[in-house]
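# Residue-level structural notes
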Amino acid sequence: MADRVKFIAGNWKMFKDIEGAKEFADAFLKLNRPAGIKVAVCAPFLQLTTLVDAFAGTGIGVGAQNVHFEDSGAFTGEIAVPMLKEVGVDYCIIGHSERREYFGETDETVNKKLKKLFNTSDIIPILCVGEKLDEREAGVQQDIVSAQLEKDLAGLDADTVKELVIAYEPIWAIGTGKTATPDQAQEMCAFIRGKLASMYDQATADAVIIQYGGSVKPGNAKDIIGKPDIDGALVGGASLDPEGFTSLIAAAAE
Ligand code: PEP
(Lines give C-alpha, C1' and ligand atoms only; values in the text may rest on other atoms or scores of the structure.)
Protein backbone atom coordinates (compact mmCIF):
# COMPACT_ATOMS: atom_id res chain seq x y z
CA MET A 1 0.00 0.00 0.00
CA ALA A 2 1.27 3.47 -0.84
CA ASP A 3 2.24 5.83 1.93
CA ARG A 4 -0.74 8.15 1.88
CA VAL A 5 -0.87 11.12 4.23
CA LYS A 6 -4.13 11.58 6.11
CA PHE A 7 -6.00 14.67 4.98
CA ILE A 8 -8.83 16.46 6.77
CA ALA A 9 -10.53 19.29 4.87
CA GLY A 10 -13.24 21.54 6.27
CA ASN A 11 -16.03 22.76 4.02
CA TRP A 12 -17.56 25.92 5.42
CA LYS A 13 -20.22 26.05 2.67
CA MET A 14 -21.97 29.47 2.89
CA PHE A 15 -21.27 29.94 6.58
CA LYS A 16 -18.92 32.53 8.11
CA ASP A 17 -18.23 36.08 7.00
CA ILE A 18 -14.77 37.68 6.90
CA GLU A 19 -14.91 38.54 10.59
CA GLY A 20 -15.92 34.94 11.37
CA ALA A 21 -13.05 33.63 9.25
CA LYS A 22 -10.57 35.83 11.15
CA GLU A 23 -11.93 34.69 14.50
CA PHE A 24 -11.73 31.05 13.43
CA ALA A 25 -8.13 31.41 12.21
CA ASP A 26 -7.00 33.22 15.39
CA ALA A 27 -8.51 30.54 17.63
CA PHE A 28 -7.49 27.58 15.43
CA LEU A 29 -3.84 28.68 15.28
CA LYS A 30 -3.64 28.80 19.08
CA LEU A 31 -4.66 25.13 19.40
CA ASN A 32 -2.31 22.16 19.14
CA ARG A 33 -2.74 19.97 16.11
CA PRO A 34 -1.06 16.60 15.63
CA ALA A 35 1.85 16.55 13.19
CA GLY A 36 1.80 14.35 10.10
CA ILE A 37 -1.78 15.04 9.05
CA LYS A 38 -2.73 17.48 6.29
CA VAL A 39 -5.40 20.04 7.10
CA ALA A 40 -7.25 22.53 4.91
CA VAL A 41 -10.24 24.82 5.15
CA CYS A 42 -12.46 25.40 2.10
CA ALA A 43 -14.19 28.75 2.47
CA PRO A 44 -16.52 31.00 0.46
CA PHE A 45 -14.62 33.06 -2.17
CA LEU A 46 -14.66 36.33 -0.21
CA GLN A 47 -13.02 34.72 2.81
CA LEU A 48 -10.13 33.07 0.90
CA THR A 49 -7.66 35.98 1.12
CA THR A 50 -8.23 36.29 4.85
CA LEU A 51 -7.44 32.61 5.35
CA VAL A 52 -4.47 32.54 2.94
CA ASP A 53 -2.92 35.43 4.90
CA ALA A 54 -3.77 33.97 8.30
CA PHE A 55 -2.45 30.48 7.50
CA ALA A 56 0.69 31.60 5.58
CA GLY A 57 3.68 29.55 6.75
CA THR A 58 1.58 27.27 9.00
CA GLY A 59 1.11 24.38 6.56
CA ILE A 60 -2.67 24.70 6.80
CA GLY A 61 -4.15 24.67 3.30
CA VAL A 62 -6.91 26.88 1.95
CA GLY A 63 -9.47 25.75 -0.58
CA ALA A 64 -12.28 27.19 -2.68
CA GLN A 65 -15.61 25.39 -3.04
CA ASN A 66 -16.10 25.78 -6.78
CA VAL A 67 -14.54 27.31 -9.90
CA HIS A 68 -15.52 27.94 -13.53
CA PHE A 69 -13.98 25.92 -16.36
CA GLU A 70 -13.08 28.90 -18.59
CA ASP A 71 -10.14 31.24 -17.92
CA SER A 72 -12.24 34.37 -18.39
CA GLY A 73 -15.32 35.57 -20.23
CA ALA A 74 -18.91 36.71 -19.94
CA PHE A 75 -19.89 34.39 -17.08
CA THR A 76 -21.62 36.65 -14.60
CA GLY A 77 -21.16 35.59 -11.01
CA GLU A 78 -18.39 33.08 -11.69
CA ILE A 79 -14.77 32.81 -10.54
CA ALA A 80 -11.95 31.51 -12.79
CA VAL A 81 -8.91 29.36 -12.01
CA PRO A 82 -6.43 32.25 -12.61
CA MET A 83 -8.34 34.24 -9.98
CA LEU A 84 -7.96 31.43 -7.45
CA LYS A 85 -4.26 31.22 -8.34
CA GLU A 86 -3.87 34.95 -7.81
CA VAL A 87 -5.29 34.59 -4.29
CA GLY A 88 -3.01 31.62 -3.56
CA VAL A 89 -5.41 28.81 -2.75
CA ASP A 90 -4.18 25.22 -2.54
CA TYR A 91 -7.38 23.21 -3.13
CA CYS A 92 -10.75 23.45 -4.83
CA ILE A 93 -13.80 21.30 -4.12
CA ILE A 94 -15.35 20.12 -7.39
CA GLY A 95 -18.72 18.47 -7.89
CA HIS A 96 -20.04 18.78 -4.34
CA SER A 97 -23.52 17.26 -4.21
CA GLU A 98 -25.02 20.64 -3.24
CA ARG A 99 -23.63 22.12 -6.46
CA ARG A 100 -24.87 19.13 -8.43
CA GLU A 101 -28.33 19.39 -6.85
CA TYR A 102 -28.93 23.17 -6.66
CA PHE A 103 -26.66 24.69 -9.33
CA GLY A 104 -26.87 22.35 -12.28
CA GLU A 105 -23.38 20.87 -11.91
CA THR A 106 -23.08 17.82 -14.15
CA ASP A 107 -20.39 15.21 -14.66
CA GLU A 108 -19.51 17.02 -17.89
CA THR A 109 -18.88 20.37 -16.14
CA VAL A 110 -17.05 18.55 -13.34
CA ASN A 111 -14.78 16.99 -15.97
CA LYS A 112 -14.10 20.38 -17.60
CA LYS A 113 -13.29 21.95 -14.22
CA LEU A 114 -10.90 19.13 -13.29
CA LYS A 115 -9.11 19.50 -16.63
CA LYS A 116 -8.85 23.28 -16.26
CA LEU A 117 -7.45 23.02 -12.72
CA PHE A 118 -4.93 20.31 -13.64
CA ASN A 119 -3.87 21.86 -16.95
CA THR A 120 -3.45 25.43 -15.79
CA SER A 121 -2.69 25.40 -12.05
CA ASP A 122 -1.25 23.45 -9.17
CA ILE A 123 -4.49 23.78 -7.23
CA ILE A 124 -5.49 20.29 -6.12
CA PRO A 125 -9.11 19.36 -6.82
CA ILE A 126 -11.16 17.57 -4.17
CA LEU A 127 -13.63 15.66 -6.35
CA CYS A 128 -16.90 14.73 -4.61
CA VAL A 129 -18.81 11.62 -5.64
CA GLY A 130 -21.63 9.76 -3.94
CA GLU A 131 -25.08 8.29 -4.23
CA LYS A 132 -28.54 9.47 -3.17
CA LEU A 133 -30.60 7.66 -0.54
CA ASP A 134 -32.93 5.98 -3.04
CA GLU A 135 -29.92 4.77 -5.02
CA ARG A 136 -28.43 3.16 -1.90
CA GLU A 137 -31.79 1.64 -1.02
CA ALA A 138 -31.98 0.19 -4.51
CA GLY A 139 -28.48 -1.25 -4.05
CA VAL A 140 -27.04 0.59 -7.05
CA GLN A 141 -24.61 2.84 -5.16
CA GLN A 142 -21.52 1.31 -6.75
CA ASP A 143 -22.96 1.69 -10.25
CA ILE A 144 -23.66 5.36 -9.54
CA VAL A 145 -20.20 6.11 -8.20
CA SER A 146 -18.56 4.07 -10.94
CA ALA A 147 -20.38 6.09 -13.63
CA GLN A 148 -19.48 9.37 -11.91
CA LEU A 149 -15.79 8.42 -11.86
CA GLU A 150 -15.79 7.39 -15.51
CA LYS A 151 -17.40 10.64 -16.65
CA ASP A 152 -15.64 12.98 -14.19
CA LEU A 153 -12.17 11.62 -14.97
CA ALA A 154 -12.61 11.16 -18.74
CA GLY A 155 -9.44 12.20 -20.56
CA LEU A 156 -7.30 12.54 -17.42
CA ASP A 157 -4.15 10.41 -17.41
CA ALA A 158 -2.69 8.37 -14.54
CA ASP A 159 0.01 10.89 -13.57
CA THR A 160 -2.65 13.57 -13.25
CA VAL A 161 -5.11 11.44 -11.34
CA LYS A 162 -2.42 10.52 -8.77
CA GLU A 163 -2.58 14.13 -7.55
CA LEU A 164 -6.34 14.08 -7.10
CA VAL A 165 -8.24 13.93 -3.81
CA ILE A 166 -11.57 12.10 -4.00
CA ALA A 167 -14.24 12.60 -1.34
CA TYR A 168 -16.84 9.85 -1.14
CA GLU A 169 -19.90 11.64 0.20
CA PRO A 170 -23.13 9.64 0.33
CA ILE A 171 -25.70 12.39 -0.18
CA TRP A 172 -28.00 10.92 2.47
CA ALA A 173 -25.28 11.49 5.08
CA ILE A 174 -24.46 15.13 4.33
CA GLY A 175 -25.70 17.53 6.98
CA THR A 176 -28.27 14.99 8.13
CA GLY A 177 -26.49 13.61 11.19
CA LYS A 178 -26.77 10.17 9.51
CA THR A 179 -23.27 8.82 9.05
CA ALA A 180 -22.41 5.86 6.88
CA THR A 181 -21.11 3.13 9.15
CA PRO A 182 -17.32 2.79 9.06
CA ASP A 183 -17.83 -0.49 7.17
CA GLN A 184 -20.16 1.09 4.59
CA ALA A 185 -17.69 3.95 4.09
CA GLN A 186 -14.73 1.57 3.81
CA GLU A 187 -16.61 -0.64 1.35
CA MET A 188 -17.23 2.26 -1.03
CA CYS A 189 -13.76 3.80 -0.62
CA ALA A 190 -12.23 0.39 -1.41
CA PHE A 191 -14.57 0.14 -4.40
CA ILE A 192 -13.40 3.57 -5.61
CA ARG A 193 -9.77 2.51 -5.26
CA GLY A 194 -10.49 -0.68 -7.18
CA LYS A 195 -12.25 1.31 -9.89
CA LEU A 196 -9.21 3.60 -10.21
CA ALA A 197 -6.99 0.52 -10.49
CA SER A 198 -9.13 -0.77 -13.35
CA MET A 199 -9.28 2.63 -15.08
CA TYR A 200 -5.55 3.29 -14.59
CA ASP A 201 -3.27 0.96 -12.60
CA GLN A 202 -2.74 -0.15 -9.01
CA ALA A 203 0.05 2.37 -8.30
CA THR A 204 -2.24 5.22 -9.34
CA ALA A 205 -5.10 3.86 -7.26
CA ASP A 206 -2.82 3.50 -4.25
CA ALA A 207 -1.58 7.09 -4.56
CA VAL A 208 -5.00 8.78 -4.55
CA ILE A 209 -6.19 10.22 -1.24
CA ILE A 210 -9.78 9.13 -0.67
CA GLN A 211 -11.77 10.96 1.99
CA TYR A 212 -15.14 10.12 3.45
CA GLY A 213 -17.63 12.95 3.99
CA GLY A 214 -21.03 12.97 5.66
CA SER A 215 -21.66 14.01 9.27
CA VAL A 216 -18.10 13.29 10.42
CA LYS A 217 -17.62 14.51 13.99
CA PRO A 218 -14.98 14.24 16.71
CA GLY A 219 -16.84 11.21 18.09
CA ASN A 220 -16.86 9.11 14.90
CA ALA A 221 -13.74 10.34 13.07
CA LYS A 222 -11.36 7.77 14.53
CA ASP A 223 -13.48 4.74 13.58
CA ILE A 224 -14.11 6.00 10.06
CA ILE A 225 -10.61 7.25 9.25
CA GLY A 226 -9.06 4.18 10.86
CA LYS A 227 -10.30 2.10 7.92
CA PRO A 228 -7.62 1.06 5.40
CA ASP A 229 -8.99 2.79 2.30
CA ILE A 230 -10.19 5.96 4.04
CA ASP A 231 -7.44 8.57 4.14
CA GLY A 232 -9.27 11.41 5.79
CA ALA A 233 -12.50 13.36 5.74
CA LEU A 234 -14.31 16.23 4.11
CA VAL A 235 -16.09 17.87 7.02
CA GLY A 236 -18.98 20.31 6.80
CA GLY A 237 -20.77 21.31 10.01
CA ALA A 238 -18.06 20.06 12.34
CA SER A 239 -15.40 22.26 10.69
CA LEU A 240 -17.02 25.53 11.74
CA ASP A 241 -15.90 25.53 15.34
CA PRO A 242 -12.11 25.74 15.86
CA GLU A 243 -12.08 23.64 19.03
CA GLY A 244 -14.39 20.97 17.59
CA PHE A 245 -12.48 20.81 14.31
CA THR A 246 -9.21 20.46 16.22
CA SER A 247 -10.64 17.58 18.29
CA LEU A 248 -11.79 15.91 15.09
CA ILE A 249 -8.30 16.25 13.58
CA ALA A 250 -6.76 14.83 16.77
CA ALA A 251 -9.18 11.89 16.71
CA ALA A 252 -8.38 11.23 13.04
CA ALA A 253 -4.67 11.18 13.79
CA GLU A 254 -4.98 8.49 16.50
C1 PEP B 1 -19.95 18.41 3.28
O2 PEP B 1 -20.44 19.50 3.19
O3 PEP B 1 -19.16 18.02 2.42
C4 PEP B 1 -20.28 17.55 4.44
C5 PEP B 1 -19.80 16.35 4.49
O6 PEP B 1 -21.12 18.11 5.38
P7 PEP B 1 -21.44 17.54 6.86
O8 PEP B 1 -20.11 17.14 7.46
O9 PEP B 1 -22.07 18.67 7.58
O10 PEP B 1 -22.34 16.35 6.69
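Our subject is the structure listed above.
Parameters and conventions
Residues numbered from 1 in each chain as written. Predicted model: local features only at pLDDT ≥ 70, side-chain atom pairs only at ≥ 80, totals over all residues. Heavy atoms only, no water. Near = heavy atom within 4 Å. Polar contact = N/O pair within 3.5 Å; in protein donor to acceptor, adjacent residues only side chain to side chain. Areas by Shrake-Rupley, 256 points an atom, 1.4 Å probe, with all protein chains shown as cover. Nonpolar A, V, L, I, M, F, W, Y, C, P; charged D, E, K, R; others polar. Core = buried A, V, L, I, M, F, W, Y, C linked by side-chain atoms within 4.5 Å. Buried < 20%, exposed > 50% of the residue type's maximum accessible area, 1.4 Å probe, protein only. Helix = DSSP H or I, 4+ residues; strand = E, 2+ residues; numbered from the N terminus. Pairing = 2+ DSSP bridges. Axes fitted to C-alpha atoms, helices over the stretch in contact; angles between N-to-C directions. Contact = heavy atoms within 4.5 Å. Right-handed = clockwise from strand over helix to strand, strands pointing away.

### Structural notes on the site of the ligand
Within the structure, the ligand sits among 14 residues, and Lys-13, Glu-169, Gly-175, Ser-215 and Gly-236 are positioned closest to it. In this structure, an oxygen atom belonging to the ligand sits 2.8 Å away from a side-chain N or O atom of Lys-13. In the environment of the ligand, an oxygen atom lies 2.8 Å from a nitrogen or oxygen atom belonging to the backbone of Ser-215. Contact with the protein chains covers 95% of the free accessible surface of the ligand, which is 290 Å². Across the shell around the ligand, the residue classes tally to four nonpolar, eight polar and two charged.

### A closer look at the nonpolar core
As a rule of thumb, nonpolar side chains are buried together in soluble globular proteins. With 66 residues, the main nonpolar core has Ile-8 and Ile-192 as its most contacted residues. For this core, the element with the most residues is helix α9 (residues 182-199), which contributes six residues. In this structure, Ala-9, Tyr-91, Ala-167 and Ile-209 belong to the second largest nonpolar core, which totals twelve residues.

### Brief notes about the sheet that holds strand β5 (residues 124-129)
Read around the closed barrel, the eight strands follow the order β1-β2-β3-β4-β5-β6-β7-β8; overall the barrel is parallel. Each neighbouring strand pair of the sheet contributes to a mean axis angle of 25°, computed without reference to strand direction. Sheet topology places β5 next to strand β6 (residues 165-168); four bridges connect them, and they run parallel. The residue bridging Ile-126 from the neighbouring strand is Val-165, located in β6. Strands in contact with helix α7 (residues 141-152) are β5 and β6; relative to β5, the strand with the most contacts, it is inclined by about 150°.

### Digging into the pairing of strand β4 (residues 91-94)
Covered by surrounding structure in β4 are Tyr-91 and Ile-93 together with Cys-92 and Ile-94, the residues of both alternating faces. Of the pairings in the sheet, the one linking strand β3 (residues 61-64) to β4 comprises two bridges and is parallel in character. Looking across to β4, one finds that Gly-63 is bridged to Tyr-91. Crossover handedness for the path β3 to helix α3 (residues 81-87) to β4: right-handed.

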